[in-house]
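Chain residues, written in single-letter form:
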Amino acid sequence: MQVITTIETMQKTALSLRAEGKTIGFVPTMGYLHEGHQALLKRARQENDIVILSVFVNPLQFGPNEDFDTYPRDKERDEQVARNANVDYVFYPSVNEMYPEPLSTNITVTARTNVLCGRKRPGHFDGVATVLIKLFHITMPHNAYFGLKDAQQVAVIRGFVADYNIPVTINPVEIVREEDGLAKSSRNTFLSSEERKDAPHLNKSLQLARKAIDEGERSPQVIISLISKYLQDHTQGEVDYVELYAYPSLTEVKTIQGSMLIAIAVKFPHARLIDNITFTI
Ligand code: AMP
């Protein structure tokens, strides 16, 4: 496994791999790797000749009061996880390498951002799109892998990849969870032991909703109220949003039908957690 820190070396490497006819699978992350990231790496390993992992905590996708400075980082551990996952290249650029000076062109995501995390975190998806457009040009992948944990992100990425004819296939991967149902996240490490006990209720509220839908409930409002009440009754956290949309369009529906997303965010004092379910009915 080779660790590459400069854009020039990464780009030259990707170009020569392509010239050799190798397929490249790419997994972009912010590091502090866990089993969710490992599931993405496993898929990339199975489906490509070469696997490139990037680890970059992207300042552009953090708001002014968010956790950029405190976001967990552990380069050595990440390298060990990458080695165990048979990664070929880790791209590990500094902020200065990625953004040596202010950009002269800004990417603004205009669709699907007035809901969910897009509404709650203004500019977040502009930062995500900007870094991914750069990373796609740097690593030149045939396939890129993203977790459905960030279902809105997957929809946004599909949008700009289609808009700008970027020659990469976007592959979504199911959410990986702890045994008690909590979605794995680098931010789980911030939770106090009390918050950690509360956290599985996010998934439980979604399962409750799914059960009600399976039993015939079709009203978005009833389902949203059911989840909100459950979260208020079972967690100390502040419910940031509970929303239900058609997926991947992220448009409102009058009745639950077709391909759907139910997504929630809960703010605990030490971390803001998100979770969701996607399903077709
Ligand atoms: P992050 O490092 O949080 O930016 O995540 C990098 C990638 O890993 C994104 O595509 C995430 O959606 C994905 N990911 C993070 N947590 C999970 C999880 N629990 N299950 C599946 N994918 C995940």
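Below you will find a few notes about this structure.

## So, the site of the ligand
- As a structural note, the neighbourhood of the ligand is formed by 17 residues, with Met30, His37, Asp150, Val176 and Lys184 the closest of them.
- Separating an oxygen atom of the ligand from a backbone N or O atom of Met30 is a distance of 2.9 Å.
- With respect to the ligand, the side chain of His37 contributes an N or O atom lying 2.9 Å from an oxygen atom.
- Protein chains shield 92% of the accessible area of the ligand, which is 480 Å² for the free molecule.
- Every element with two or more residues in the shell around the ligand is listed here: strand 2 (24-29), helix 2 (35-47) and strand 5 (143-147).
- If one sorts the elements of the shell around the ligand by residue count, helix 2 sits on top with three residues.
- Of the residues belonging to the shell around the ligand, the class tally is seven nonpolar, six polar and four charged.

## Comments concerning the sheet that holds strand 7 (residues 238-246)
- Spatial strand order, 7-8-9: three strands in an open sheet with antiparallel pairing. Unpaired on one side and paired on the other, strand 7 and strand 9 (272-280) mark the two borders of the sheet. Adjacent strand axes in the sheet meet at a mean angle of 10° when their direction is disregarded.
- As judged from the nine bridges shared by strand 8 (residues 259-267) and strand 9, these two strands associate in the antiparallel manner. Residue pairing in the sheet places Leu261 in a bridge with Thr278 of strand 9.
- With respect to the sheet, helix 10 (residues 220-234) is in contact with strand 7 and strand 8, its orientation differing from that of strand 7 by roughly 155°.

## Observations concerning helix 6 (residues 124-139)
- Spanning 16 residues, helix 6 covers 22 Å between terminal C-alpha atoms, matching the ideal 22 Å at 1.5 Å per step.
- Of all 16 residues in helix 6, 13 are buried, a share of seventy percent or more.
- Positive backbone phi, at 45°, marks Met140, one or two positions downstream of helix 6.

## What to know about the packing of helix 6 against helix 7 (residues 151-163)
- In the contact formed by helix 6 and helix 7, the axes pass within 11 Å of each other and the chain directions differ by 55°. Compared by their axis directions, helix 6 and helix 7 come out oblique. As helix 6 runs across helix 7, the sense of the crossing is right-handed. Side by side, helix 6 and helix 7 meet where Phe125, Val128, Ala129, Leu132, Ile133 and Phe136 of the first sit next to Gln152, Gln153, Val156, Ile157, Phe160 and Val161 of the second.
- When its residues are assigned to classes, the contact of helix 6 with helix 7 shows ten nonpolar, two polar and no charged.

## Quick notes on unusual backbone geometry
- Between Tyr247 and the following residue, Pro248, the backbone shows a cis peptide bond with an omega angle of 15°.
- Positionally, Pro248 belongs in the loop between strand 7 and strand 8.
- Positive phi, close to 45°, is recorded for Met140, a residue that is not glycine.
- Looking at where Met140 falls in the secondary structure, it is placed in the loop between helix 6 and strand 5.

## Focus on the sheet that holds strand 4 (residues 89-91)
- Taken together, the six strands give an open sheet; going across it, the order is 1-4-3-2-5-6, and neighbouring strands pair in parallel fashion. Both outer strands of the open sheet, strand 1 (2-4) and strand 6 (169-173), are each paired with one neighbouring strand and no more. Put simply, the sheet's adjacent strands are angled 25° from each other on average, direction ignored.
- By the bridge criterion, six bridges tie strand 2 to strand 3 (residues 50-55) in an arrangement that is parallel. In the sheet register, Ile24 faces strand 3, and the bridge partner there is Ile50.
- Set on the sheet, helix 2 makes contact with strand 2, strand 3, strand 5 and strand 6; between it and strand 5 the angle comes to about 155°.

## Re the packing of aromatic side chains
- Counted by the stated rule, this structure contains four aromatic pairs.
- Pairing Phe26 with Phe136 gives two aromatic rings, centres 6.3 Å apart and planes at 75°, and the pair type is edge-to-face. Of this pair, Phe26 sits in strand 2 while Phe136 sits in helix 6; the two residues are 110 residues apart in sequence, bridging distant segments of the chain.
- Given the relative accessible area of 0%, Phe26 is considered buried.

## Some points on the packing of helix 1 (residues 7-19) against helix 6
- One way to put it is that helix 1 packs onto helix 6 with a least axis distance of 7 Å and a crossing angle of 55°. In terms of orientation, helix 1 and helix 6 fall into the oblique class. Across from Ile7, Met10, Gln11 and Ala14 in helix 1, the residues of helix 6 making contact are His137, Ile138 and Thr139.
- Its residues placed into classes, the contact of helix 1 with helix 6 shows four nonpolar, three polar and no charged.

## Details of the pattern of salt bridges
- A complete count under the given rule lists 20 salt bridges for this structure.
- Residues Asp240 and Lys120 are paired through a salt bridge, measuring 3.6 Å at the closest nitrogen-oxygen approach. Note that Asp240 is positioned in strand 7 and Lys120 in helix 5 (residues 116-120), a separation of 120 residues in sequence.
- Between Lys184 and Glu178 there is a salt bridge, with the nearest N and O atoms lying 3.3 Å from each other.
- Under the relative-accessibility criterion, Glu178 is labelled partly exposed at 28%.

How each quantity is defined
- Throughout, a residue's number is its position along its own chain's written sequence, starting from 1.
- A pLDDT threshold of at least 70 governs which residues receive local features in this predicted model, and a stricter bar of 80 or more applies before side-chain atom pairs are shown or counted, although totals over entire chains, interfaces and linings include all residues.
- Computation of side-chain values covers all heavy atoms of the structure but excludes hydrogens and water.
- Whether a residue is near a molecule or strand depends on its heavy atoms: if one lies within 4 Å, it is near.
- N or O atoms within 3.5 Å of each other form a polar contact, as long as, within protein, one can give a hydrogen and the other can take it, and as long as residues adjacent in sequence are counted only when both atoms are side-chain atoms.
- The accessible surface values rely on the Shrake-Rupley method and a 1.4 Å probe; as for residues, cover is taken only from the protein chains in view.
- Strands here are runs of E lasting at least two residues and helices are runs of H or I lasting at least four, both read from the DSSP assignment and numbered beginning at the N terminus.
- Three categories are distinguished: nonpolar for Ala, Val, Leu, Ile, Met, Phe, Trp, Tyr, Cys and Pro, charged for Asp, Glu, Lys and Arg, and polar for the others, with Gly belonging to the last.
- Strands are labelled as partners when DSSP assigns at least two bridges between them.
- Lines fitted to C-alpha atoms define the axes here, with helix axes fitted over just the stretch in contact, and angles between the N-to-C directions of these axes take values from 0 to 180 degrees.
- It only takes one pair of heavy atoms within 4.5 Å for two residues to be counted as in contact.
- In a helix, the anticipated span is given by 1.5 Å times the number of residues less one.
- Whether a residue is buried, partly exposed or exposed follows from its accessible area with a 1.4 Å probe, protein chains only, as a fraction of its type maximum: under 20%, in between, or over 50%, in that order.
- The cut-offs work like this: below 35 degrees is roughly parallel, past 145 is roughly antiparallel, 65 to 115 is roughly perpendicular, and the gaps in between are oblique.
- Note on convention: the crossing is left-handed when the near helix lies turned anticlockwise from the far helix by less than a right angle, right-handed when the turn is clockwise.
- Stacked, tilted and edge-to-face are the three classes assigned to paired rings of Phe, Tyr and Trp, where Trp is represented by its six-membered ring and a pair needs centres within 6.5 Å; plane angles under 30 degrees give stacked, over 60 edge-to-face, the rest tilted.
- For this analysis, a salt bridge means a side-chain nitrogen from Lys or Arg found within 4 Å of a carboxyl oxygen belonging to Asp or Glu.

Such coordinate-based values are descriptive only and should not be taken to indicate function.
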